[in-house]
Amino acid sequence: MNAFIPPERRGFPLVDVIDLKWLLAGEGIHLHVERLQSDPAYAAQVLAQAAASSNEALRSAAAKLAGQA
């Protein structure tokens, strides 16, 4: 059975979230995946923190997810 998930309920692509999670881990920051996908305030905080990083790959990953928010 194929389930239809409305676009407004899909959230961030998991592969992009996991990429962000590991890049943040390299900075000593823990990312709670489920909370990122369900709590807009938490997502905004985490993406802002990542966007302020000196790590180009982390900033890029945050920008990619921010564009999908």
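Please refer to the structure higher up on the page.
In every chain, residue numbers begin from 1 and rise along the written sequence. Two thresholds apply to this predicted model, a pLDDT of at least 70 for residue-level local features and 80 or more for giving and counting side-chain atom pairs, whereas whole-chain, interface and lining totals are computed over all residues. Side-chain descriptors were evaluated using all non-hydrogen atoms of the structure, hydrogens and water having been removed beforehand.

Asker: Would you mind showing me how to read the overall build of the protein chain here?
Answerer: Across its full length, the protein chain holds four helices and zero strands. Helix and strand labels come from DSSP, where a helix needs a run of H or I of at least four residues and a strand needs a run of E of at least two; each type is numbered from the N terminus. For the protein chain, the α and β elements follow one another from N to C terminus as α-α-α-α. When burial is assessed residue by residue, the protein chain has 28% of its 69 residues classed as buried. Contacts: residue pairs with any heavy atoms within 4.5 Å of one another. Of the contacts made within the protein chain by residues no fewer than 6 positions apart, 47% connect residues no fewer than 24 positions apart. Accessible surface for the protein chain amounts to roughly 4,800 Å². Of this, 57% is attributable to carbon and sulfur atoms. Think of it in three bands: residues with accessible area under 20% of the maximum for their type are buried, residues over 50% are exposed, and the middle band is partly exposed, with areas taken using a 1.4 Å probe on protein chains only. In short, Shrake-Rupley with a 1.4 Å probe defines the accessible areas, and a residue's cover is counted only from the protein chains shown.

Asker: How should I be thinking about helix 3 (residues 40–51) in this particular structure?
Answerer: Count 3.6 residues to each turn of an α-helix, and residues three or four apart come out pointing the same way. Here, expected helix span is obtained from the residue count minus one, scaled by 1.5 Å. Counted at 1.5 Å a residue, the expected span for helix 3 with its twelve residues is 16 Å, and the 16 Å between its end C-alpha atoms agrees. Where helix 3 is buried, its residues contact helix 1 (14–25), helix 2 (33–38) and helix 4 (56–66). Polar contacts here mean pairs of N or O atoms no more than 3.5 Å apart (in protein, one a potential hydrogen donor and the other a potential acceptor; neighbouring residues in sequence count only if both atoms are side-chain atoms). The N-cap of helix 3, judged by a side-chain oxygen 3.1 Å from the amide nitrogen of A41 a few residues on, is D39.

Asker: Just to check I follow, could you spell out the environment of K64 for this structure?
Answerer: Tracing the chain through its elements places K64 in helix 4. Judged by its relative accessible area of 47%, K64 is partly exposed. In sequence terms K64 and L47 are 17 residues apart; their C-alpha atoms lie 9.8 Å from each other.

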